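Residue-level structural notes
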Amino acid sequence: LASTGKPVDDWVLEKPLPPAGRNSLPFAPTQVHRASARIHFKSGAVQEVTVPPLPQSTYRAAASSRAVEEDKAWQNLWEEGDITNLELPVGGTVSFERDGEGFAVVDADGCAGKACAGMERVRLEQDVLFGLQQMRDSDASKSIIMRIPTRQLWPEDSVTLVTQFSVSRLARFERTLATWTGPISVTIYLTDATDIDQLLDYFSDGTKLAPFQKLALTIVKPDYSINEEALVNRLRYPINKLRNLALQLAPSSYVVVVDADFVPSPKMHTILHARGVPLIQYSTTRISSPTLRRTAVVVSAFALDPTFKGTYPETSSQLHSALFSKSPYASLTDANAGHGPSLPSLLFEAPPSLLQPPHEWPPKSWAYDVCYEPQWEPYYLMHRASHPLYDERFTDQGGDKQSHAMLLNALGYEFKVIRDAWFMHPPRAPPGEEDDVDKWPSERLVDPTETHHGDPAHFSSSQRDTKRFRYFQDFLPEMAETWGWNFRWPRGCGAGVVGVTSFGRARAGSVFGL
């Protein structure tokens, strides 16, 4: 790490973002993040060195053309005097050159004495394997984040798939890598110290590493101290913190945040780019604000039957057969409160009232309006600058996505469900036969035989833990105080849509029962 003992991207898990309120609402950044290092000269000047993006064509170009683009990464040094310090990102290396000859350094010790004096050019590079080695060799009690932005320059209106997961889900994520054709920003959480070596082994295979070198990658090492407090903190999976980190590296103006288990349907990026983006760009919600695009384009989510072993549905007609044939092998994910309000039955029809009138753009047949309902947790496409960050006080499972959808409703966002695109969850293992991939880290903290209203032990335990931030006991009263007693009423949909909506889909007797 940098000789100062603090890398540029150092991160402390125990400092969540402040809660959202009417006067302080954090949104995803509007500018694309680029890797950078800082060079401190003896004169007191500080020069920032960045890693420039590469045009998409560069990735398909011949080696000679790529070398020309890579040469543009060299930047002229401001001074030829002594360099007293370097601040580098995790995994970063700075190379110096003069008259075609040079050397690389990884910290300020490489510039000791006058070793870097008189150099003319400098360039910054990042390597994930080197960064993981730094994490492995660092103080176990130190929380570290490694951010490696994508160098690929995507069109501004591309859609970035944003997700997060632990090392145990790497194999599952490969299906998404093979399906999604747009940019991706992902955060990987290293739950245990052994996960570092596991990820190093995985990336040591060039065929595994290659796809990750094209996406925006964030890797998080928590505090591995051997004490109860550190153990509890790192096993409480910081799901919303990880989502926000991935959002911050999204390289395009439109994002869809999804959990890593869900696989996008074929051509989803093409459909979201061609139809979902216009639904946001031409939304009437922009009338009240020239910058805030208060539209969320919902993507329905389904799950394959535990016994299913065939090919995932690739077309809307195949999805319809999977859901409604005599022997259905797929179903809506959490058909009650979780995803029921998305009204997926309307995916397969465009009623006469929704057909495109003359000269209407975008066509209404591309999507249908739905109203917000309590405990809804859909996945949606949004403009990044109009995407509130997730509440980082939520960890593990429960309230993490519901709280975000509720905030959008309080802000008056409208929800449109897009047709011809969906997420699919792979077959789940039968109860009692789950492997480690399906388990949450916090399950190690509770008795696995404990249940509450049929909910998993770790989930029900977290909802009753008074030391944690909880959805019903803490978040809902805070929302009522900030946004008024009627904050759960659907604020972003018209009266005609309200008329076809039924509220209160949560299971009776469950932790989310109304």
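Not measured: the values here are computed from a predicted model.

Our focus in this paragraph is the sheet that holds strand β1 (residues 36-41). Pairing within the open sheet is antiparallel, and its three strands lie in the order β2-β1-β5. The open sheet has two free edges, formed respectively by β2 (46-50) and β5 (83-87), since each of these has just one partner strand. Averaged over all neighbouring strand pairs, the angle between strand axes comes to 20°, with direction disregarded. As judged from the five bridges shared by β1 and β2, these two strands associate in the antiparallel manner. The residue bridging A37 from the neighbouring strand is V49, located in β2.

Per the counting criterion, the structure on display carries two disulfides. At a sulfur-sulfur separation of 2.0 Å, the disulfide partner of C371 is C493. The sign of the 110° torsion about the S-S bond sets the C371-C493 disulfide as right-handed. With C371 in the loop between β18 (367-370) and β19 (379-383) and C493 in the loop between α13 (471-483) and α14 (495-498), the pair connects residues that are 122 residues apart, well separated along the chain. Of the two residues examined, C371 and C493, each falls in the buried class. In the chain, the bonded cysteines, numbered by position in the sequence, are linked as 1-2, 3-4.

Turning next to the packing of aromatic side chains. Considering all chains together, one arrives at 20 aromatic pairs under this definition. With a centroid separation of 6.0 Å and 50° between ring planes, the pair formed by F173 and F212 is classed as tilted. Of this pair, F173 sits in helix α4 (residues 170-179) while F212 is found in helix α6 (residues 206-212), placing the two residues 39 residues apart along the sequence. Judged on exposure class, the residue F173 and its partner F212 are both buried. Between the aromatic rings of F394 and F469, the centroid separation amounts to 5.0 Å while the plane-to-plane angle is 75°, which identifies the pairing as edge-to-face. Separated by 75 residues along the polypeptide, F394 in the loop between β19 and α11 (402-410) and F469 in the loop between α12 (457-464) and α13 bring together distant segments of the chain. Accessibility expressed as a relative area gives 1% for F394, which makes it buried. Among the aromatic residues, those joined into a cluster by ring pairs are F165, F173, Y202, F203 and F212.

For the chain, the mean per-residue pLDDT works out to 84, and 80% of the residues sit at or above 70. Predicted confidence is poor over residues 501-514, with pLDDT under 50, and the contacts of this stretch with residues over four places away or in other chains come to 41 contacts.

For the rest of this paragraph, the subject is the environment of L77. Mapped onto the secondary structure, L77 falls in the loop between β4 (75-76) and β5. Setting aside anything within four residues of it in sequence, one finds L77 in contact with I39, F41, Q47, F96, M119, E120, R121 and V122.

Our next topic: the packing of helix α3 (residues 128-137) against helix α5 (residues 194-204). Running from amino to carboxyl end, α3 crosses α5 at an angle of 165°, the nearest separation of the two axes being 10 Å. Compared by their axis directions, α3 and α5 come out roughly antiparallel. In terms of crossing hand, the pair formed by α3 and α5 is left-handed. Counting all contacts with α3, which are made through V128, L129, L132, Q133, M135 and R136, the residues of α5 involved are I196, D197, L199, L200, F203 and S204. Residue composition of the contact of α3 with α5, by class: eight nonpolar, two polar and two charged.

Quick notes on the rules
Residue indices follow the written sequence of each chain, beginning from 1 at its first position. The predicted origin of the model limits local features to residues at a pLDDT of at least 70 and limits the giving and counting of side-chain atom pairs to 80 or more, whereas totals for whole chains, interfaces and linings rest on all residues. Excluded from the side-chain calculations are hydrogens and water; all other atoms, namely the structure's heavy atoms, are used. Here a strand pair is declared whenever DSSP counts at least two bridges between the two strands. By the criteria applied, helices consist of DSSP H or I runs no shorter than four residues and strands consist of E runs no shorter than two, each listed in order from the N terminus. Where helices are involved, their axes are fitted lines through C-alpha atoms of the stretch in contact, as for all axes, and angles between N-to-C directions lie from 0 to 180°. Sulfur atoms of two cysteines make up a disulfide when they are within 2.5 Å. The rule is simple: take the accessible area with a 1.4 Å probe, protein chains only, and divide by the maximum for that residue type; under 20% is buried, over 50% is exposed, in between is partly exposed. When the centres of two rings from Phe, Tyr and Trp lie within 6.5 Å, Trp using its six-membered ring, the rings pair. Their planes under 30 degrees apart give stacked, over 60 give edge-to-face, and anything left gives tilted. pLDDT: the predictor's confidence for each residue, scored from 0 to 100. What makes two residues a contact is simply this: any of their non-hydrogen atoms within 4.5 Å. By definition in this entry, angles of less than 35 degrees are roughly parallel, angles greater than 145 are roughly antiparallel, angles of 65 to 115 are roughly perpendicular, and the rest are oblique. Crossings are assigned a handedness: left-handed for a near helix turned anticlockwise from the far helix by less than a right angle, right-handed for a clockwise turn. Only Asp, Glu, Lys and Arg are considered charged in this grouping, and only Ala, Val, Leu, Ile, Met, Phe, Trp, Tyr, Cys and Pro are considered nonpolar; every other residue, Gly among them, is considered polar.

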